Protein chains: 2
Amino acid sequence: MSMINIGEAARQSGVSAKMLRHYEQIGLIEPATRSDSGYRLYTPAAISTLIFIRHARDLGFSTAQISDLLHLRNDPQRASSEVKSVAEDHLQELHEQQQRLTQMISMLQEMISQCPGGNNPDCAILKKIDSMEAS
Amino acid sequence: MSMINIGEAARQSGVSAKMLRHYEQIGLIEPATRSDSGYRLYTPAAISTLIFIRHARDLGFSTAQISDLLHLRNDPQRASSEVKSVAEDHLQELHEQQQRLTQMISMLQEMISQCPGGNNPDCAILKKIDSMEAS
DNA sequence: TTTCAACCTTGACACTATGTCAAGGTCAAG
DNA sequence: CTTGACCTTGACATAGTGTCAAGGTTGAAA
């Protein structure tokens, strides 16, 4: 009943066929059952899982974190605090990335604002990079 | 006169010995001269270049962009507008990253705020990941 | 002078997440 | 039966960095 091939699974889930094979290989997902000729076959439940994975990936979760989330998703005995903890750890990482990014942006913006551009070789940006101190 | 080995060059520049070899191999920097026994020897000018590279890396420039910047840095005929253009392209990328990050953070924050935590298996975060639509 | 530690060399393999390409098997339609 | 679209596995690539192994070098102490 309604088992689909890898290409269709990729289309429906938004995860590439390549990544479906990869996720299977690293054990993130259960190996798909195979047709007589060896083609992978995906059930609707498997597709739901794949969509979950893609969404988690869109939120920037690492493969390891997604693995944790999948286990929790499959576990009816889970404590929602465990899920929350994974999410909070990730949020923390995202905040740190954001801070680093904001730092880079402000430094770069200042450098750019001090460079008049044009044909003059004298360039504030190059000088600043030479002399800057990392935050 | 004051040629130093790779370990000392790494210490002075903040670029690891491994990366010094790597940058040489990919052609980002000129091959270092060698001692009789084959050790790489770095001049003070080379160290300045390495410090420049580290700073550029701290600003998030890619290796390819750093390569461009190094060429411009070495070219007395450069137009500062060229440097500015590289910097502006990078700034643009950083802004895009920042937007993606901000999106992720706000989605994640909303999910987290809707999950009470505790031992209850009922988890808003998992549900939201299942049903979310990527921005 | 021998020895030992600390350094250097190259090369290989690892990571993350994804793409691409090649050589070959399969399926469905004409 | 051929053709095209699909599937298979495996290998290699990306970017930036780390680690490990096997071996040569250097300088200082014994």
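Residues numbered from 1 in each chain as written. Chains lettered and ligands numbered in written order. Predicted model: local features only at pLDDT ≥ 70, side-chain atom pairs only at ≥ 80, totals over all residues. Heavy atoms only, no water.

Per an unreviewed UniProt entry, chain A goes by the name Cu(I)-responsive transcriptional regulator and belongs to Pseudohongiella nitratireducens. We quote the UniProt Subcellular location (unreviewed entry) comment for chain A here in full: "Cytoplasm". (UniProt positions renumbered as here; feature names shortened; annotations may be inferred.)

*Asks:* Help me out: how do you make sense of the interface of chain A and chain B in this one?
*Replies:* Interface size, as often reported, equals the accessible area lost upon joining of the parts. Contact residues are listed per partner, giving 53 residues for chain A and 52 residues for chain B. Surface buried jointly by chain A and chain B totals about 4500 Å² across both partners, of which 71% is contributed by carbon and sulfur atoms. Across the chain A-chain B interface, the total number found is two salt bridges. With its nearest N and O atoms 2.9 Å apart, the salt bridge here joins arginine 73 of chain A to aspartate 130 of chain B. Our enumeration of links across chain A and chain B arrives at 21 residue pairs in polar contact (both at pLDDT 80 or more). Elements with a contribution of two residues or more to the side of chain A that touches chain B: helix H3 (44-58), helix H4 (63-74), helix H5 (80-113) and helix H6 (124-131) of chain A. Looking at which element gives the most residues to the side of chain A that touches chain B, the answer is H5 of chain A, with 21 residues. (Contact = heavy atoms within 4.5 Å. Buried area = accessible area lost by both parts, 1.4 Å probe. Salt bridge = Lys/Arg side-chain N within 4 Å of Asp/Glu carboxyl O. Polar contact = N/O pair within 3.5 Å; in protein donor to acceptor, adjacent residues only side chain to side chain. Helix = DSSP H or I, 4+ residues; strand = E, 2+ residues; numbered from the N terminus.)

*Asks:* Help me out: how do you make sense of the nonpolar core in this one?
*Replies:* Within soluble globular proteins, side chains that are nonpolar generally end up buried alongside one another. Ranked by internal contacts, the top residues of the largest apolar core, which has 83 residues, are Phe61 of chain A together with Phe61 of chain B. Apart from the residues within four sequence positions on either side, phenylalanine 61 of chain A is in contact with Ala56, Ile66, Leu69, Val86, Ala87 and His90 of chain A together with Leu108 and Ile129 of chain B. (Core = buried A, V, L, I, M, F, W, Y, C linked by side-chain atoms within 4.5 Å. Buried < 20%, exposed > 50% of the residue type's maximum accessible area, 1.4 Å probe, protein only.)

*Asks:* Honestly, helix H6 (residues 124-131) of chain B in this entry has me stumped. Any pointers?
*Replies:* Think of an α-helix as turning once every 3.6 residues; residues three or four places apart then point the same way. When H6 of chain B is considered as a whole, its buried residues turn out to be Ala124, Ile125, Leu126 and Ile129 of chain B. Contact partners of the buried residues in H6 of chain B: H3, H4 and H5 of chain A together with helix H5 (80-113) of chain B.

*Asks:* It is not clear to me how a negative patch on the surface should be interpreted in this structure. Could you clarify?
*Replies:* All names here are of chain A. Together, Glu88, Asp89, Glu93 and Glu96 give the surface a local cluster of negative charge. Mapped onto the elements of the fold, glutamate 96 is located in helix H5. Given the relative accessible area of 37%, glutamate 96 is considered partly exposed. (Patch = residues over 30% accessible without salt bridge, like charges linked within 9 Å, V, L, I, M, F, W, Y side chains within 5 Å. Areas by Shrake-Rupley, 256 points an atom, 1.4 Å probe, with all protein chains shown as cover. Lys, Arg positive; Asp, Glu negative; His and termini not counted. Charge placed at Lys NZ, Arg CZ, Asp CG, Glu CD.)

*Asks:* Got a minute to help me understand the side chain of serine 13 of chain B in this structure?
*Replies:* Checked against the element boundaries, serine 13 of chain B lands in helix H1 (residues 6-13). Of the polar contacts made by the side chain of serine 13 of chain B, one reaches the backbone nitrogen of valine 15 of chain B; its length is 3.1 Å.

*Asks:* I'm lost on the pattern of salt bridges in this one. Help?
*Replies:* Close approach of charged atoms allows side chains of opposite charge to pair. All names here are of chain B. Using the criterion set out here, one finds 14 salt bridges over all chains in the structure. Put simply, arginine 11 and glutamate 8 hold a salt bridge, and the shortest N to O gap is 2.7 Å. One end of the pair is arginine 11 and the other is glutamate 8, both in helix H1 and three residues apart, which spans about a single turn. Taking the relative accessible area as the measure of exposure, arginine 11 reaches 62% and is therefore exposed.

*Asks:* What should I look at first to understand the protein's contact with DNA strand D in this one?
*Replies:* Around DNA strand D sit 19 residues in total, of which Gly7 and Arg40 of chain A together with Ser37, Tyr39 and Thr63 of chain B are the nearest. One of the side-chain N or O atoms of serine 37 of chain B is found 2.7 Å from a phosphate oxygen in DNA strand D. Looking at the surface near DNA strand D, the elements with two or more residues in it are helix H1 (6-13) and helix H2 (17-25) of chain A together with helix H2 (17-25) of chain B. Top element by residues in the surface near DNA strand D is H2 of chain B. It accounts for four residues. The residue inventory of the surface near DNA strand D, partitioned by class, reads five nonpolar, eight polar and six charged. (Near = heavy atom within 4 Å. Nonpolar A, V, L, I, M, F, W, Y, C, P; charged D, E, K, R; others polar.)

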